[in-house]
Amino acid sequence: MVTRSQTDRSLLSRIFVGPTKGRTVRRSIFFLLLLVAVIGPWIVTHDPIRPDPFNTLAPPSAEHWFGTDRLGLDIFSRVVAGTRTDFTLALIGVLLGGGLGSLMGAWAAYRRGWVDTVLLRVVEVLQSFPVLLLGLALFAALGSLDIFEPFLFGPFDDTGKVVLTIAIASVNFPSYLRQVRSVLLPLTDAEFVQAAKCSGLGGWGIVWKHFIPNARGQILALFALTCAYAIQIIAGLSFIGLGIEPPHPEWGAMIREGATVIIQGKWWASLFPGAAIALSVYSLTGFSVGSDTPIDPASPSS
Amino acid sequence: MKMLWKRTPPFMAAMLGLALVVSACGTTETVTETVEVVVTSIVTETETVTETVEVEVVVTSIVTEVVTETETVTETVEVMVEEDRTLRVAIPDDVEHLDPNFGSANLTNLVLKNTYMQPVQYLPGLSQGRYSYADTTSFEGQWVETWDFSDDSTTLTLKLRQGLVFPTSGRSVTSDDVIYTIERAFGVPSGPAWVLGNIGVTSIDQVERVDDRTLILNDIRPSTIVLPLMRDQSMGLLDSEAIKANATDDDPWATTWLSQNYAGNGRYVIDSWDRGSKMVLKANPTWPGRQPFFDTVDLIVVPESANRLALLQNGEVDIAMNLSAQEEELAAASDGVSVLSIPDRNSMNVLLNTRQPPFDNVDLRKALAYAVDYDAMVNGVFKGQAVPSEGPISVNSRFFPLFGLGDSWAYEYDPDKAREHLAAAGFPDGFEFELIASQGLPIADAVAANLKANFSDIGVDMTIRPVSGAEMFESLAGLSHQAAFRGGLLDYIDDPYYHFYLWWLTDTVINWTGFTNDRVDEIVVETAGLLDDGARRGPYREAISLVVDAAPMLWLANANFTLAISEDISGYTHHPDGLMWFANLERTS
Amino acid sequence: MVLFSVVVLSFAVTRSTGTPLYAALGIQVSEEMIEARAEMMGLNDPIHVQFTTYAAALLRGDLGASRRTFVPVAEDIARKLPATAELVFFSMVVGSIWTIPLGVRAAMRPNGPIGKLGEGISQFGVTVPAFWLGLLLIFLLYFLWPVFPAPLGRLGRGFDPPAMVTGFYTVDALLAGNPALAWEALRHLILPAVTLGVTSSPPMFRVTRAAVSEVLASPYVEAAHSYGLSRRKVMIRDVFRNASPPVLNLAAMTFGYLIGGAVLVEVVFSWPGIGSYAVWGMEFSDYDVVLGVVIVSAAIYVLLYFIVDLLQYAMDPRVRN
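Keep in mind it's a predicted model, so treat the numbers as computed, not measured. (Residues numbered from 1 in each chain as written. Chains lettered and ligands numbered in written order. Predicted model: local features only at pLDDT ≥ 70, side-chain atom pairs only at ≥ 80, totals over all residues. Heavy atoms only, no water.)

## Describing the overall build of chain B
Phase 1: Counting its secondary structure elements, chain B contains 19 helices and 24 strands.
Phase 2: Considering only residue pairs separated by 6 or more positions, chain B has 69% of its internal contacts joining residues 24 or more positions apart.
Phase 3: Here chain B has roughly 24,200 Å² of accessible surface; of this, 50% comes from carbon and sulfur atoms. (Helix = DSSP H or I, 4+ residues; strand = E, 2+ residues; numbered from the N terminus. Contact = heavy atoms within 4.5 Å. Areas by Shrake-Rupley, 256 points an atom, 1.4 Å probe, with all protein chains shown as cover.)

Laid out in structure tokens, this is it:
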């Protein structure tokens with residue numbers, strides 16, 4: 001099944017790769033957004049979760065720059081505050097899934113044999129679920145359980161956040177595993193590996209010290225792509241209603257709120273959060289620039 | 001063009017005919033004002049029309065010239081006339097199933113109520129303008145022709161109405177059908193068994209068959225709610241033969257078959273059901289009495305409320321159910337649409353679980369009761385389509401003024417008092433808890449978000465967890481929630497005995513707060529058999545004040561029943577269960 | 001093998017939490033009713049018994065039934081799958097309309113305006129969330145400027161679906177000799193298809209461009225040119241045939257992915273497909289519904305993968321080695 005994994009890997013890179021030109025602009029936008037994520041709570045004009053029931057669905061004005069939603073919450077403040085939420089969840093999910101995936105990928109490449117086969121199978125199963133349905137299934141199972149109670153802390157103060165993170169991690173685990181594995185597979189028999197073995201270094205040691213650094217470039221390249229994808233998934237799942245505790249701001253959930261009134265012409269509730277998502281993804285493509293020259297789909301390391 | 005010609009001969013003939021008629025009487029004045037044209041019979045052959053008669057008609061081909069003198073119409077005229085006798089209703093999701101024994105969601109109950117025949121129903125009361133309330137003190141028999149209580153009210157003799165027929169088979173209704181209906185209720189077991197149990201009928205042995213049309217219910221418990229319970233939508237008469245024909249060994253009561261098929265003889269019959277999209281009801285031709293104005297009711301599934309509103313505004317549907325307060329404002333402002341806002345007993349309550357922390361502490365409950373900004377709730381969240389609550393029994397109940405049930409109400413927006421109670425409870429700096437709210441219910445989002453803000457002002461941190469209907473039910477029944485909000489709570493019967501029996505009796509089935517009070521239990525038992533309002537007044541006043549003082553719920557508001565409806569529909573009768581009765585509706589021009 | 005794991009996983013996932021017992025019964029209940037119902041639903045059986053019952057039923061094609069409506073899930077899915085399939089099909093048509101021509105052109109002239117246009121559209125399709133785009137289109141082309149009909153599903157209110165042949169309303173209406181109905185169905189398809197198409201086609205553009213340019217750069221194309229064969233002939237004969245495999249590969253995969261991945265667009269446009277069915281099931285804790293959709297989508301995806309692999313094996317000699 002070599003073909004499948006090739007097309008698969010390069011699929012992700014096909015999606016979120018951006019042109020080299022103008023990447024500085026995009027990178028700057030990203031850092032700006034990152035700044036907003038950090039200082040968000042201090043630059044909002046209103047309390048993002050305090051509704052004003054007498055002022056619902058007000059169009060953008062001097063008082064409410066982006067207008068208010070169905071509950072009378074200020075949209076500008078929520079878009080700003082939501083930056084932190086979406087970025088954090090995406091980042092941690094990707095780190096979790098990507099980290100584990102990379103490790104496992106290196107391990108599979110190194111050990112080969114049955115370890116490799118088993119891991120590949122697991123990954124196949126995970127990848128045959130359409131992403132959103134995987135999220136749906138995870139929420140169905142874990143969303144209402146109380147087992148997360150003892151683990152809730154800090155930014156992860158509700159089950160919705162935890163499940164979203166797990167969903168993102170599950171989506172990223174296979175991609176990273178496959179990518180790292182395919183890069184490192186040819187290296188298993190390389191000389192330096194043999195040398196390391198002779199020097200008495202154990203399996204995990206070799207993986208950690210020698211293997212992974214060789215995949216570093218690939219991993220980093222994948223990182224920006226998968227973060228962008230993660231933001232989209234979080235928004236998508238929240239849009240269907242599987243998200244964080246209301247009324248905390250999150251872009252996808254905000255679009256969901258706005259969707260109910262857009263047919264009546266109240267466009268501002270959905271427009272601004274969606275623009276924020278598009279902007280975030282756009283800015284991330286500044287980091288995963290592909291070449292403008294054509295990529296060879298048949299080569300193993302595209 | 002050619003195609004067009006081919007299709008218009010009837011129209012052309014009509015116009016030609018009329019033109020000829022007009023030109024034939026040269027001295028006739030052309031009448032240019034619109035006159036009510038009434039056609040008593042549509043004829044396809046020549047006939048002498050000697051008088052103009054009044055009839056209401058919506059004419060699709062517009063006739064602007066009217067002959068006011070008697071004329072012999074000698075031409076064959078085909079006029080297409082259509083009366084809009086179809087009621088189109090946009091509903092939020094599909095009817096779940098068709099088995100009256102398992103009433104659950106309001107929509108399903110609505111259809112069951114209109115398609116199955118209950119023993120009795122309320123008579124309409126005085127008109128309030130565009131709507132009227134049902135008169136909850138008078139009943140008309142539906143399959144029951146007469147009912148007779150014995151002197152001590154422990155025996156009820158029912159006489160079956162003659163001439164009733166099941167429209168799907170043509171078979172006459174007999175008391176065997178009634179007996180089967182009751183047997184099935186106990187056999188499955190399901191809804192109507194509970195209803196019967198409430199009046200003391202717990203076994204089929206209490207039902208005595210006297211003859212083909214007479215039945216006696218023995219050893220019933222005398223109560224003010226016997227007749228009201230008999231109009232519950234779960235008490236629909238079942239076609240025993242049809243159901244028995246579809247019973248199997250695994251499924252002796254044909255629950256699978258009846259969930260998807262129709263075996264009744266209600267005001268309307270189910271004509272077709274395109275699952276997930278549309279259900280069509282047709283007036284039952286065998287119903288004894290006046291036929292309803294609307295001979296067809298289309299129930300069209302439109303999941304998004306904004307879309308339901310759009311259809312109503314376009315005139316494509318006559319009624320749009322379950323719109324949000326926002327959308328109702330828009331509807332009221334649109335041409336041709338209005339919103340019926342009917343003061344009702346729908347109580348918007350937060351249910352607090354008194355059996356576990358933190359709400360096992362009465363001071364914490366009271367703290368919250370004083371922390372709610374009731375004015376913002378009524379006028380902001382409910383947009384003025386509600387009134388402030390004054391206790392467990394709605395201000396709009398018949399019994400509220402009658403028994404003076406608002407005298408013990410104590411709560412109002414007073415954050416200082418709230419903080420006092422917090423301190424008294426030992427939590428001066430606040431506490432945290434979780435509220436579960438019904439997912440997908442727009443009013444739940446708004447209420448929860450506002451409560452969260454109100455409570456955070458006194459240092460209480462409330463987290464909101466939206467849950468599905470199924471999960472909500474489980475939490476409530478299993479008392480595993482801390483606080484819960486599921487929109488309006490409406491008792492199907494307006495009677496204090498019913499209310500206390502459902503909500504406040506220790507461990508009763510929908511006691512979703514875990515409330516328990518020995519004196520209240522005593523009162524419920526004492527008043528069970530009382531039929532005289534004078535005797536009931538005192539005990540219920542006492543019981544109410546006990547419940548209010550314990551604050552097991554946060555009584556936020558009594559919301560109006562609202563319905564967005566086309567302006568040309570009249571005759572809406574509001575029942576205590578909030579379920580629409582299609583038969584009384586009419587279209588006025 | 002994969003499918004089996006999918007089933008086990010899905011089952012475990014959805015059985016590990018509550019059941020819609022009370023929702024099915026309503027509030028007029030008593031203890032015995034609850035018990036009887038639980039027994040009837042098989043909820044009191046130990047978990048492995050529940051699983052084997054479920055798996056056995058699955059093999060017979062029985063995906064259980066909705067706990068609320070008692071309609072078998074398989075029946076509902078069979079009814080709704082054509083709706084999703086039609087939407088996905090047209091989305092791919094929309095996608096292909098721009099990706100193939102622009103991709104080929106961009107490969108031939110990498111730095112030309114066409115290439116830049118294609119890249120621009122790709123970028124757009126990637127950054128913009130599909131559901132947001134759908135809402136925007138509804139706002140612009142239905143509310144502000146009523147070009148398209150209300151997003152209420154596959155047909156307007158006064159129309160009845162055509163007799164079922166393929167399940168595609170457009171096709172079935174034409175087969176029934178009713179072009180007006182086919183047009184009505186098409187009008188309702190346009191906005192959702194464009195939304196889904198634009199956001200799912202960027203990879204197609206890039207793969208087309210990459211595949212074509214790879215072939216163009218290959219030695220035998222140069223050789224063909226040097227033989228004096230017209231550009232056109234070269235294009236048709238060699239380029240298309242050799243560039244097709246990865247493109248078709250991707251197309252098939254996208255199709256499979258979109259069957260399950262069209263959920264968001266279906267929700268926005270009230271499209272009665274399997275995606276919105278799963279969301280509906282989720283809202284009511286109707287787990288058999290969610291499970292059924294997940295299994296069917298995964299099965300279709302896996303099946304398509306398999307077919308694609310087979311085709312690739314047959315078509316592309318490089319893979320055989």
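Moving on from the model shown.
## Let's talk about the overall build of chain A
Phase 1: Helix and strand counts for chain A come out as 10 helices and 0 strands.
Phase 2: When the helices and strands of chain A are listed from N to C terminus, the series reads α-α-α-α-α-α-α-α-α-α.
Phase 3: By residue count, 59% of the 302 residues in chain A fall in the buried class.
Phase 4: In chain A, the share of contacts with a sequence separation of at least 24, taken over all contacts with a separation of at least 6, comes to 74%.
Phase 5: A total accessible area of about 11,900 Å² is found for chain A, and carbon and sulfur atoms account for 67% of it. (Buried < 20%, exposed > 50% of the residue type's maximum accessible area, 1.4 Å probe, protein only.)

## Overview of unusual backbone geometry
Phase 1: The peptide bond linking proline 246 of chain A to proline 247 of chain A adopts the cis configuration, its omega dihedral lying at -5 degrees.
Phase 2: Position of proline 247 of chain A relative to the elements: it lies in the loop between helix 8 (203–240) and helix 9 (251–262).
Phase 3: Note that the residue after proline 357 of chain B, namely proline 358 of chain B, is joined by a cis bond; omega there is -5 degrees.
Phase 4: Even without being glycine, alanine 254 of chain B reaches a positive phi, approximately 50 degrees.

## Let's talk about the packing of helix 4 (residues 175–187) of chain B against helix 5 (residues 191–198) of chain B
All names here are of chain B.
Phase 1: Contact pair helix 4 / helix 5: the axes reach a minimum separation of 7 Å and the direction vectors enclose 100 degrees. By the angle between their axes, helix 4 is roughly perpendicular relative to helix 5. Each of Ile182, Ala185 and Phe186 in helix 4 lies in contact with helix 5, whose residues at this interface are Pro192, Ala193 and Leu196.
Phase 2: Looking at the contact of helix 4 with helix 5 residue by residue, the classes come out as 6 nonpolar, no polar and no charged. (Axes fitted to C-alpha atoms, helices over the stretch in contact; angles between N-to-C directions. Parallel < 35°, antiparallel > 145°, perpendicular 65-115°, else oblique. Nonpolar A, V, L, I, M, F, W, Y, C, P; charged D, E, K, R; others polar.)

## Here's the deal with the pairing of strand 8 (residues 144–149) of chain B
Residue and element names in this part refer to chain B.
Phase 1: Two elements, strand 8 and strand 9 (residues 156–160), share 5 bridges in a ladder whose sense is antiparallel. Within the sheet, the bridge partner assigned to aspartate 148 lies in strand 9 and is threonine 157.
Phase 2: Connecting strand 8 to the next strand, strand 9, in antiparallel fashion are 6 residues, including serine 153 with a positive phi near 60 degrees. (Pairing = 2+ DSSP bridges.)

## With respect to the environment of valine 207 of chain B
All names here are of chain B.
Phase 1: When you line up the elements, valine 207 lands in strand 10 (residues 207–211).
Phase 2: Exposure remark for valine 207: the relative accessible area of 11% places this residue in the buried category.
Phase 3: Remark: the alpha-carbon pair of valine 207 and isoleucine 179, spanning 28 residues in sequence, is separated by 7.5 Å.
Phase 4: Here valine 207 is in contact with Ile179, Ile182, Leu215, Ile216 and Leu217, once residues within four sequence places are set aside.

## Side note on helix 19 (residues 533–550) of chain B
Residues separated by three or four positions in an α-helix point in the same direction, a consequence of the helix having 3.6 residues per turn.
Residues and elements named next belong to chain B.
Phase 1: Taking 1.5 Å of rise per residue, 18 residues should cover 26 Å, and helix 19 covers 25 Å from first to last C-alpha, within 8% of that figure.
Phase 2: Turning to helix 19, its buried residues are Arg536, Pro539, Tyr540, Ala543, Ile544, Val547, Val548 and Ala550.
Phase 3: If you follow the buried residues of helix 19, they end up packed against helix 11 (362–371), helix 13 (399–403), helix 17 (496–503), helix 18 (518–527) and strand 21 (553–566).
Phase 4: Directly beyond the C-terminal end of helix 19, a positive phi value near 45 degrees is found at alanine 551. (Expected span 1.5 Å × (residues − 1).)

## Side note on the sheet that holds strand 10 of chain B
Residue and element names in this part refer to chain B.
Phase 1: With antiparallel pairing, 4 strands are arranged side by side in an open sheet as 8-9-11-10. Whereas interior strands pair on both sides, the edge strands pair on one side only; in this sheet they are strand 8 and strand 10. Between one strand axis and the next, the sheet turns through 20 degrees on average, direction left out of account.
Phase 2: Two elements, strand 10 and strand 11 (residues 214–217), share 4 bridges in a ladder whose sense is antiparallel. Within the sheet, the bridge partner assigned to arginine 209 lies in strand 11 and is leucine 215.
Phase 3: Relative to strand 10, helix 4 is tilted by about 170 degrees, and along the sheet it contacts strand 9, strand 10 and strand 11.

## Side note on the packing of aromatic side chains
Phase 1: Scanning all chains against the criterion turns up 38 aromatic pairs over all chains.
Phase 2: Taken together, a centroid distance of 5.2 Å and an interplanar angle of 85 degrees make the contact between phenylalanine 66 of chain A and phenylalanine 76 of chain A edge-to-face. Note that phenylalanine 66 of chain A is positioned in the loop between helix 2 (23–43) and helix 3 (75–111) and phenylalanine 76 of chain A in helix 3, a separation of 10 residues in sequence.
Phase 3: Note on phenylalanine 359 of chain B and phenylalanine 431 of chain B: the rings are 6.0 Å apart at their centroids and 75 degrees apart in plane angle, and the pair reads as edge-to-face. Of this pair, phenylalanine 359 of chain B sits in the loop between strand 16 (337–352) and helix 11 while phenylalanine 431 of chain B sits in the loop between helix 14 (415–425) and strand 18 (432–438), placing them 72 residues apart in sequence. Neither residue differs from the other here; phenylalanine 359 of chain B and phenylalanine 431 of chain B are each classed as buried.
Phase 4: Connected via pairs of aromatic rings, a cluster forms that spans Trp65, Phe66, Phe76, Trp267, Trp268 and Phe272 of chain A.
Phase 5: Sitting over the ring of phenylalanine 473 of chain B, arginine 486 of chain B keeps its end group 5.3 Å from the ring centre. (Phe/Tyr/Trp six-rings, centres within 6.5 Å; stacked < 30°, edge-to-face > 60°. Lys NZ or Arg CZ within 6 Å of the ring centre and 35° of its normal.)

## Section: the confidence of the model for chain B
All names here are of chain B.
Phase 1: Averaged over every residue, the pLDDT of chain B is 82; the share at 70 or more is 86%.
Phase 2: Ignoring residues within four places in sequence, the model shows residues 1–81, a span with pLDDT below 50, making 51 contacts including any to other chains.
Phase 3: Across the assembled chains, the prediction reports ipTM 0.81 with pTM 0.80. (pLDDT = per-residue confidence, 0-100.)

## As for the pattern of salt bridges
Residue and element names in this part refer to chain B.
Phase 1: Applying the stated criterion to the full structure yields 38 salt bridges over all chains.
Phase 2: A salt bridge links arginine 355 to aspartate 507, with the nearest nitrogen and oxygen atoms 3.2 Å apart. Taken together, the residues span a long stretch of sequence, with arginine 355 in the loop between strand 16 and helix 11 and aspartate 507 in the loop between helix 17 and helix 18 at a distance of 152 residues.
Phase 3: What makes arginine 355 partly exposed here is its relative accessible area of 39%.
Phase 4: Arginine 419 is the partner of aspartate 416 in a salt bridge, and the nearest nitrogen-oxygen pair spans 3.4 Å. Residue aspartate 416 and its partner arginine 419 are both found in helix 14; the two are separated by 3 residues, about one turn of the helix.
Phase 5: We classify aspartate 416 as exposed; its relative accessible area is 52%.
Phase 6: Since its relative accessible area comes to 38%, arginine 419 is described here as partly exposed. (Salt bridge = Lys/Arg side-chain N within 4 Å of Asp/Glu carboxyl O.)

## As for the nonpolar core
All names here are of chain B.
Phase 1: Counting 163 residues, the largest nonpolar core has Phe382, Phe433, Phe455, Phe500, Leu556 and Phe582 as the members making the most contacts within it.
Phase 2: If you tally residues by element for this core, the top one is strand 21, at 9 residues.
Phase 3: If sequence neighbours within four positions are ignored, leucine 556 has contacts with Met348, Asn349, Val350, Val372, Tyr374, Met377, Val378, Ser389, Val447, Leu451 and Phe485. (Core = buried A, V, L, I, M, F, W, Y, C linked by side-chain atoms within 4.5 Å.)

## A look at a nonpolar patch on the surface
Phase 1: A cluster of nonpolar side chains, contributed by Leu32, Leu35, Val38, Ile39, Trp42 and Ile43 of chain A, occupies part of the molecular surface with about 620 Å² of accessible area.
Phase 2: Isoleucine 43 of chain A sits in the partly exposed class, given a relative accessible area of 38%. (Patch = residues over 30% accessible without salt bridge, like charges linked within 9 Å, V, L, I, M, F, W, Y side chains within 5 Å.)

## Description of the sheet that holds strand 7 (residues 131–141) of chain B
Residues and elements named next belong to chain B.
Phase 1: Taken in spatial order, the 3 strands make up an open sheet running 6-7-23, and their pairing is mixed. Each end of this open sheet is capped by a strand with a single partner; those strands are strand 6 (120–127) and strand 23 (572–574). Across the sheet, the mean angle separating the axes of adjacent strands is 55 degrees when strand polarity is ignored.
Phase 2: Where strand 6 and strand 7 come together, 6 bridges link them in antiparallel fashion. When the bridges of strand 7 are listed, leucine 123 appears paired with aspartate 135.

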